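# Reading the structure
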Amino acid sequence: GALGIMLGCCYRLSCVAFLCPYWYLLLLDKTSWNNHSYLYGLLGFQLALLGADRYGSVDGLFRPQKRNAHVPLWNYTLLRAQVFIVYFIAGLKKLDADWVGGFSMGTLARHWLFAPFRSGQGRAGQGRLVVHGGGLVLDLSAGFLLFFDATRPLALVFVTYFHCMNSQLFSIGMFSYTMLATNGLFCRPEWPRELLAHCPPWLQGWLPSTKPPQPSPDCHYGGRRARGGLRPRQHLAAAFTILYVLEQLFLPYSHFITQGYNNWTNGLYGYSWDMMVHSRFHQHVKITYRDGLTGEVGYLKPGAFTQSRRWRDHADMLKQYSACLSRLLPRYNVSQPQIYFDVWVSINERFQQRLVDPRVDLVRAPWSPWTPTPWLLPLLVDLSPWRQRLQELEAQLDGHMDTVFIADFPGLHLENFVSEDLGNTSLRVLRGQVLVELVEQQQNRSLQEGDGMQLPAGQYHKVHTVSPEPSCYMYLYVNTTALELERNLTRLQELRERVRNGTEQSPLPPELRPLLGEPLPAGTPLDPLVSLFLRREQRQQRRERESSLAQRLRRFLRRKFFLFRRSTLMTLIALRNLALGRPAPERLAQEVAFASWR
């Protein structure tokens, strides 16, 4: 279908061949929904209604009335309006306080693509100004700038740079290149004809015609070429265009109707154009099941029986996932299972907090697409001003210490395990009152705001929120195992420097000879620490060697070449299999390995 649309061959049939399986596969799995795949489906639907096979098409070779014919203006209006809505609504969504405040994509400015913008204001200022401010201004203005002739050249430069950067910053498939291709929609319709007119005469005979287009019965002409009044079909096309644009403007703000799909953000991540406005970090996910007959309690690995992780952020998917588990667990001798989720997530650099009530059995919990979800816990927006202070607290830590900020609701508790690797872990209360229960020691300790305590490693503990308002606290921990490893690597570095400058008097043991680039003596095993040291050094040398802009561009082009090579070969293999049947598994495995070779 996509090939037929591109060539303009059996155009309407090709559109149907593309649309039907595409929308079927898209609607089959809501965990794969996103704004990009939704846009592809909308553009495919529009193309099925438009006369996009009038110029340079295979159909035009066999149907003279279509060859080099005018296209009705509403065709351009529909496509331009769709692209304009994508830009403009995305800009309106970025007027969110989190985006304007610089909390949505705060770490993005560290990427090498923003190296030309680095100045003395530091990473935080860059993230707020370049990433958030630039993205907001571009999305709000791109549609307007592309529409007018005077501003279009400037808009094409900035939009092209924007989408090329996005292709490197995010794993978003063909979306960046699709949006680059839509730039031509805003230019004058005759620009391809003028471009081909500059080709050599011997080549123009093989290219689409550069002559003026012929009149089309689908168009209404004013002035001398007018052929009567508007026909019902043209009235219908105009009405459809207006209604479609109004529907597309309404859908991103229709979440007051489908309230069951609202979570901390409104609606499913699919048709709202709220791209990159929200960033999430999941600290802890626990799935508990209880046998309805025996009362036996057990735990499931998060993501059991599914390959998706989107369910962690959406109440409707949690409900469906729990229903799936309730049907599968009886195969494992769990009767009438009850399913409880405990999902901890931070959105836009806020505290880690629970998404749903962990005391509610989601198998039997109510859910409706039209009413708010009762077991969904609210986002603690009152604690949003704390984010600035959290950044200040993190900035005060040394390089070996890390922290996690937690906020919890009254009456709930967090059960946590301190790994033995984290030999120096403490808890400090920032707000409210908590009761820390040391499970193995059977001890309780009450902590007020500003209090702290050391937590034993290798043991469970529970943090109960006993204050009437939500509590806020932080974990401070040091990975002592990783710290000891770094110290050992530093000693090896210092030892090698002493040997090279002649200050080391004692000879090196045989297992350390590779530090100087010498071969390992026969029968001597390679020390794992030395092996790690050498691998780190090789990576560092490779990064320094490939850190120039030219090297990065070369890596980018090389990566894209192999990406498109694999896509082309896999498509040819699939078409061959459809036409001639699937070959032997061994041969197919060899073909796939060849296509994936880099």
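For clarity, every value in this text was computed on a predicted model and none was experimentally measured.

### A closer look at the sheet that holds strand β10 (residues 452–455)
Taken in spatial order, the four strands line up as β5-β12-β7-β10 in an open sheet, and their pairing is antiparallel. At either end of the open sheet lies a strand with only one pairing partner, and these are β5 (401–408) and β10. Taking the axes of each pair of neighbouring strands and ignoring which way they run, one obtains an average angle of 25 degrees across the sheet. Relative to β10, strand β7 (residues 424–431) is paired through four bridges, and the arrangement is antiparallel. Opposite Thr425, over in β10, you have Leu455 as the bridge partner.

### Looking at the domain arrangement of the chain
As assigned here, the chain comprises domain 1 (1–220), domain 2 (279–379), domain 3 (386–478), domain 4 (482–519 + 526–541) and domain 5 (554–596). Computed over C-alpha atoms only, the centres of domain 4 and domain 5 are separated by 43 Å.

### Some points on the packing of aromatic side chains
One pair of aromatic rings is described through two measures. These are the centre distance and the angle between the planes. The final tally for this structure, using the stated rule, is 21 aromatic pairs. Where Phe18 meets Tyr22, the ring centres are 5.4 Å apart and the plane angle is 20 degrees; that geometry is what we call stacked. In this pair, Phe18 and Tyr22 both sit in helix α2 (residues 11–28), four residues apart, roughly one turn of the helix. A residue is classified by how much of its surface remains accessible, and Phe18, at 23% relative accessible area, is partly exposed. Within the aromatic cluster, the residues linked to one another by ring pairs are Phe45, Phe240 and Tyr244. The ring of Tyr253 carries the charged tip of Lys93 above its face, separated from the ring centre by 4.5 Å.

### Observations regarding a positive patch on the surface
On the surface, a cluster of positive charge is made up of Arg535, Arg539, Arg542 and Arg543. Relative to the helices and strands, Arg543 is located in helix α16 (residues 528–545).

### Overview of the side chain of Gln353
Following the sequence through the fold, Gln353 ends up in strand β4 (residues 353–354). Assessed through its relative accessible area of 3%, Gln353 is described here as buried.

### Points about the pattern of salt bridges
Note on pairing: side chains with opposite charge can pair once their charged atoms come close. Evaluated as defined, the whole model comprises 22 salt bridges. Its salt-bridge partner being Glu591, residue Arg587 comes within 3.1 Å of it at the nearest N-O pair. In this pair, Arg587 and Glu591 both sit in helix α18 (residues 585–595), four residues apart, roughly one turn of the helix. We classify Arg587 as partly exposed; its relative accessible area is 48%. Salt bridges here are not isolated pairs; linked through shared partners, they connect Asp53, Arg54, Lys66, Asp218 and Arg233.

### Here we look at helix α3 (residues 35–49)
Note that an α-helix has 3.6 residues per turn; residues three or four places apart therefore point the same way. For α3, spanning 15 residues, the distance from its first C-alpha to its last is 22 Å, which sits close to the expected 21 Å at 1.5 Å a residue. Looking at α3, one finds that the buried residues are Asn35, His36, Ser37, Tyr38, Leu39, Gly41, Leu42, Leu43, Gly44 and Gln46. Of the residues that open α3, the one with a side-chain oxygen 3.0 Å from the backbone nitrogen of His36 is Asn34.

### A look at the side chain of Thr182
Tracing the chain through its elements places Thr182 in the loop between α9 (175–181) and α10 (191–197). Judged by its relative accessible area of 8%, Thr182 falls in the buried class.

The rules behind these values
- Residues numbered from 1 in each chain as written.
- Predicted model: local features only at pLDDT ≥ 70, side-chain atom pairs only at ≥ 80, totals over all residues.
- Heavy atoms only, no water.
- Pairing = 2+ DSSP bridges.
- Helix = DSSP H or I, 4+ residues; strand = E, 2+ residues; numbered from the N terminus.
- Axes fitted to C-alpha atoms, helices over the stretch in contact; angles between N-to-C directions.
- Domains from an automatic or database assignment.
- Phe/Tyr/Trp six-rings, centres within 6.5 Å; stacked < 30°, edge-to-face > 60°.
- Buried < 20%, exposed > 50% of the residue type's maximum accessible area, 1.4 Å probe, protein only.
- Lys NZ or Arg CZ within 6 Å of the ring centre and 35° of its normal.
- Patch = residues over 30% accessible without salt bridge, like charges linked within 9 Å, V, L, I, M, F, W, Y side chains within 5 Å.
- Areas by Shrake-Rupley, 256 points an atom, 1.4 Å probe, with all protein chains shown as cover.
- Salt bridge = Lys/Arg side-chain N within 4 Å of Asp/Glu carboxyl O.
- Lys, Arg positive; Asp, Glu negative; His and termini not counted.
- Charge placed at Lys NZ, Arg CZ, Asp CG, Glu CD.
- Expected span 1.5 Å × (residues − 1).
- Polar contact = N/O pair within 3.5 Å; in protein donor to acceptor, adjacent residues only side chain to side chain.

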